[in-house]
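Examination of the molecular architecture
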Amino acid sequence: MALKVLVTGGAGFIGSNFIRHLLRTYPGYTVVNLDKLTYAGNLANLADVDSNPNYRFQKGDICDPGHAEAALRDGVDAVVHFAAESHVDRSIADARVFVETNIQGTYTLLDLARRTGVSRFVHVSTDEVYGSLAPDQVADEAWPLAPNSPYAASKAAADLLARSFWHTYSFPVIITRSSNNYGPHQFPEKLIPLMITHALEGNKLPVYGDGMNERDWIFVEDNCRALDRVLHAGRPGETYNVGSGEPVSNLALIRSLLRILGGSGVQIEFVADRPGHDRRYALDAGKVARALGWKPEVSLEKGLTRTVEWYRTHPEWVQNALSGEYRDYYEKFYVHRRASLARI
Ligand code: NAD
Ligand code: TYD
């Protein structure tokens, strides 16, 4: 059956990769992209599908019931909800918009999707809701939620709202919690694109703290395949972790990047740590493998190589990203962090 899918936040990193995946994999599907176009939303991410007659962009805010209703009008079968404020450092600087978009926006969307008879709602969440894990711990879906940053707390609140819609109204919500994604089109404020763009420009690489924090990395196309499986075969009311199961330290990851970049003379600079910095994320993604037959296909080495190549060959995209509001943010917070380090 050909579906009409509403994707929220489709102009961002994962959402744009997912829309491309959907249109390529299911030529009969119709995709509506509802996106507010914040600093992280970039329509250039979707330039290659813009003229596809099965794709429509609608500028709008998920917090605004009028915008959400307009996007849901005319019969949407499924919602895949990516729209969010997604950067931990920004949430530490000011969490207000995280509460608005991630919590109130998710509520607005859930409420209207339920009232308009949407038959499947995939809520895209994160492993950060489990908080920081000890070296011998791995979180499965039953792991207690212990979010530490305002970003993670806002995502956990949204997860609980989504869960309540299943339990209270039998509204068919499915939650995915993926680990750190990386790949083409990621805004260069997140670790991997930030390190690549700094290295390509010959700038120092700012490592928070001692660089031994661990993250589980997943190539964005692997997550898109997992979301596809969940959208089509996931069980309503269930939660699925999506990750590689192989956490690596930030320093080890940066060293791999530098090897792939082949650059010499690029320097790592240890800067002041992020407040409340989670030490380790580690996911058990066994459930999605067993229930839906999903496994990551792209190794870290291959994924990083493809990502470096993409950033190397898209200097205009990078320049555009760097010249927007990002520049202000960069000046305000990164320079501030360096200044505070100098005082230590
Ligand atoms: P992103 O920041 O690149 O993109 C977010 C998109 O949402 C942007 O296009 C932005 O314009 C849009 N948006 C923000 N506020 C909006 C609003 N009020 N109304 C409509 N649109 C709005 O984010 P991403 O990295 O692509 O992440 C997508 C989702 O996946 C988020 O929910 C995030 O929490 C989750 N997630 C991300 C990662 C990761 O590593 N990037 C990992 C796990 C989960
Ligand atoms: P990030 O990409 O912000 O993702 P998250 O905090 O959501 O996991 O950061 C990944 C890791 O990299 C995290 O441990 C913080 C660290 N980091 C740095 O060391 N330097 C940086 O400039 C950034 C952006 C992150």
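The paragraphs below set out a description of the structure included in this document. (Residues numbered from 1 in each chain as written. Chains lettered and ligands numbered in written order. Predicted model: local features only at pLDDT ≥ 70, side-chain atom pairs only at ≥ 80, totals over all residues. Heavy atoms only, no water.)

1. Here's the deal with the site of ligand 1
In the region of ligand 1, 28 residues are neighbours, and I14, D35, S86, Y151 and K155 sit closest. Note that an oxygen atom of ligand 1 is positioned 2.8 Å from one of the backbone N or O atoms of F82. The contact in question runs from an oxygen atom of ligand 1 to an N or O atom on the side chain of Y151, over 2.6 Å. For ligand 1, the protein covers 97% of the area, taking 830 Å² as the surface of the free molecule. Going through the elements one at a time, α1 (13-25), β5 (120-126), α5 (150-169) and β7 (180-182) are the ones with two or more residues in the shell around ligand 1. If you tally residues by element for the shell around ligand 1, the top one is β5, at 3 residues. Looking at the shell around ligand 1 residue by residue, the class counts come to 11 nonpolar, 13 polar and 4 charged. (Near = heavy atom within 4 Å. Polar contact = N/O pair within 3.5 Å; in protein donor to acceptor, adjacent residues only side chain to side chain. Areas by Shrake-Rupley, 256 points an atom, 1.4 Å probe, with all protein chains shown as cover. Helix = DSSP H or I, 4+ residues; strand = E, 2+ residues; numbered from the N terminus. Nonpolar A, V, L, I, M, F, W, Y, C, P; charged D, E, K, R; others polar.)

2. Looking at the site of ligand 2
Near ligand 2 lie 18 residues; those nearest to it are E128, L191, R215, R274 and H277. Considered on its own, ligand 2 offers 510 Å² of accessible surface; in the complex 97% of this is hidden by protein. Taken together, the residues that form the shell around ligand 2 break down as 8 nonpolar, 5 polar and 5 charged.

3. Observations concerning the packing of aromatic side chains
Within the structure shown, the criterion is met by 13 aromatic pairs. Seen in terms of ring centroids, Y26 and Y29 are 4.5 Å apart; in terms of plane orientation they differ by 15 degrees. Their pairing is stacked. When its relative accessible area of 21% is taken as the criterion, Y26 is described as partly exposed. On the basis of relative accessibility, which here comes to 7%, the residue Y29 falls in the buried class. Each member of the aromatic cluster is reached from another via a ring pair, and the members are Y107, F121, F165, Y169 and F171. Between R90 and the ring centre of Y39, over which it is positioned, the NZ or CZ distance is 3.5 Å. Here the basic side chain of K287 rests over the ring of Y240, its NZ or CZ set 5.0 Å away from the ring centre. (Phe/Tyr/Trp six-rings, centres within 6.5 Å; stacked < 30°, edge-to-face > 60°. Buried < 20%, exposed > 50% of the residue type's maximum accessible area, 1.4 Å probe, protein only. Lys NZ or Arg CZ within 6 Å of the ring centre and 35° of its normal.)

4. Points about the sheet that holds strand β4 (residues 78-81)
Strand order in this open sheet of 7 strands is β3-β2-β1-β4-β5-β6-β11, and the pairing throughout is parallel. At either end of the open sheet lies a strand with only one pairing partner, and these are β3 (55-59) and β11 (239-242). Across this sheet, the average inter-strand angle for adjacent strands is 20 degrees, counted without regard to direction. Its contacts with the sheet put helix α7 (residues 220-233) on β4, β5, β6 (173-178) and β11, and the angle it makes with β5 is roughly 145 degrees. (Pairing = 2+ DSSP bridges. Axes fitted to C-alpha atoms, helices over the stretch in contact; angles between N-to-C directions. Contact = heavy atoms within 4.5 Å.)

5. Some details on the side chain of N180
As for its placement among the helices and strands, N180 is situated in strand β7. Look past the residues within four positions of N180 in its chain and what remains in contact with it is D127, R215, D216, W217, I218 and Y281.

6. Overview of the pattern of salt bridges
The final tally for this structure, using the stated rule, is 15 salt bridges. D159 is the partner of R177 in a salt bridge, and the nearest nitrogen-oxygen pair spans 2.8 Å. In this pair, R177 is assigned in strand β6 and D159 in helix α5, connecting sequence segments 18 residues apart. Residue R225 pairs with D222 through a salt bridge whose shortest N-O separation is 2.7 Å. Taken together, the residues span about one helical turn, with R225 and D222 both in helix α7 at a distance of 3 residues. Taken together, the salt bridges that share partners define one network made up of D222, R225 and E297. (Salt bridge = Lys/Arg side-chain N within 4 Å of Asp/Glu carboxyl O.)

7. Some thoughts on the packing of helix α10 (residues 300-313) against helix α11 (residues 315-323)
Axis separation between α10 and α11 bottoms out at 5 Å; the angle between their running directions is 80 degrees. The angle between α10 and α11 falls in the class roughly perpendicular. In this structure, α10 uses W310, Y311, R312 and T313 to contact α11, whose residues at the interface are P315, W317 and V318. Class assignment of the residues belonging to the contact of α10 with α11 gives a composition of 5 nonpolar, 1 polar and 1 charged. (Parallel < 35°, antiparallel > 145°, perpendicular 65-115°, else oblique.)

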